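Topology and contacts: notes
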There are 2 protein chains.
Amino acid sequence: MDAIDWDQTIRKLGKKSTPQRRAILTALSRMNRPATVEEIFVAVREHHETSISTVYRNLELLFSEGLTTKQGFPGEKTRYCLKREHHEHTLVCIDCQKIVTITGCPLESYAIEVGRRENFVVVDHRMEMYGYCQQCNHLRGRLSK
Amino acid sequence: MDAIDWDQTIRKLGKKSTPQRRAILTALSRMNRPATVEEIFVAVREHHETSISTVYRNLELLFSEGLTTKQGFPGEKTRYCLKREHHEHTLVCIDCQKIVTITGCPLESYAIEVGRRENFVVVDHRMEMYGYCQQCNHLRGRLSK
DNA sequence: ATAATAAATGCGAATCATTCCTATTCTTAT
DNA sequence: ATAAGAATAGGAATGATTCGCATTTATTAT
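Residues numbered from 1 in each chain as written. Chains lettered and ligands numbered in written order. Predicted model: local features only at pLDDT ≥ 70, side-chain atom pairs only at ≥ 80, totals over all residues. Heavy atoms only, no water.

**Details of the sheet that holds strand S3 (residues 79–82) of chain B**
Strand pairing in a sheet takes place through backbone hydrogen bonds and is either antiparallel or parallel in direction. All names here are of chain B. As a reminder, the rule being used: We call two strands paired when DSSP finds no fewer than two bridges between them. Helix and strand labels come from DSSP, where a helix needs a run of H or I of at least four residues and a strand needs a run of E of at least two; each type is numbered from the N terminus. Should any heavy atoms of two residues lie within 4.5 Å, those residues are counted as being in contact. Axes here mean lines fitted to C-alpha atoms, for a helix over just the part in contact, with angles spanning 0 to 180 degrees between N-to-C directions.
Ordered in space as S1-S3-S2, the 3 strands form an open sheet in which the pairing is antiparallel. Every other strand in the sheet has two partners, leaving strand S1 (35–36) and strand S2 (68–71) as the edge strands with one partner each. Bridge count between S2 and S3: 4 bridges; the pairing is antiparallel. Within S3, the residue paired with Gln71 across the bridge is Arg79. Most of the contacts of helix H4 (residues 52–64) go to S2, to which it runs at about 110°, and overall it touches S2 and S3.

See below:
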């Protein structure tokens, strides 16, 4: 079922449906979390030969076509994630990097309103929250100086 | 007035008050916007000799001590900005990279609430809005295929 | 089906921001 | 003023990402 879907998805973009592209989309779909290029590369390789530059190129393509998100703070590796139906944000653990996806976004109308005020056409926004997950927070308490 | 203030600021951190550090803080204060390391380096150089690695090291120090913000999306250069009294967000033009600082944040309580729900201690969040500034939006209309 | 052709891939080289190394210099506390 | 440790300079190293180009592949028209 996967293969056929992705084939259509790619064709709709006016791009060639290559095994690598289908495999990348399949991997993204299976992972379903913001993953690094390397992680995606490894996941794809489990089933298909690919080069890392192909993965880079296609993730960038998917992002520019709006099929994935692309995130990553300074010093971190870039993470791509297949977009879900609904706009989402993430909550990231500062210690263990665990990522929780939060659905529901309080910013849609706010962003537009700010855009109006500042004479911008706002087309997107990004938001991430940082903190300590339960486990790491406990650990932190125990180790704190 | 600058010099003396920054001298005290640095000493309070338990760090040595070097001319480079004072100059970097002065530059950040004058620029007062999220600036790239290179921009800050150039600004500092107008008045003092410095090496870029010193700028890097000290910006990182200031960030880890909580005196600056640090932002930058994948593929962009990292930007540092002296923290103001109030928490702020930015609105960035996708074309010309103009950055408008937005005061007022609708996320404070939201972040805490999400943290409670997900068992995270949320300590920070980041949000940026993207769009086209008036000028670039006009240009975009004119050039669109 | 087949050939033509435009696009995509692979892979090594190049890039570029950032970090690291370490000899030298500067700050600070005594 | 001096000693001891911290900070700096600047060049080398790193590492993620991009680029160039020869080769392969998917698509379209025949």
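After presenting the structure, the write-up continues.
**Notes on helix H2 (residues 19–31) of chain B**
Keep this limit in mind: Here, expected helix span is obtained from the residue count minus one, scaled by 1.5 Å.
When the terminal C-alpha atoms of H2 of chain B are compared, their 18 Å separation across 13 residues agrees well with the 18 Å that a helix rising 1.5 Å per residue should span. Backbone geometry just downstream of H2 of chain B places Asn32 of chain B in the positive-phi region, at approximately 55°.

**Comments concerning the protein's contact with DNA strand C**
Selection rule: Near residues are defined by distance, with any heavy atom within 4 Å of the molecule or strand qualifying the residue. N or O atoms closer than or at 3.5 Å make up a polar contact, with two conditions inside protein: a donor-capable atom paired with an acceptor-capable one, and, for residues adjacent in sequence, both atoms drawn from side chains.
Not every one of the 21 residues close to DNA strand C is listed here, only the nearest: Arg21, Ser53 and Thr54 of chain A together with Tyr56 and Thr78 of chain B. Take the atoms of DNA strand C that sit within 4 Å of the protein: sugar and phosphate atoms are 69% of them. In the model, a sugar or linking oxygen of DNA strand C is placed 2.9 Å from a nitrogen or oxygen of the Gln20 of chain A side chain. With respect to DNA strand C, the side chain of Ser53 of chain A contributes an N or O atom lying 3.0 Å from a base nitrogen. Mapped by element, the contributors of at least two residues to the surface near DNA strand C are helix H2 (19–31) and helix H4 (52–64) of chain A together with H4 of chain B.

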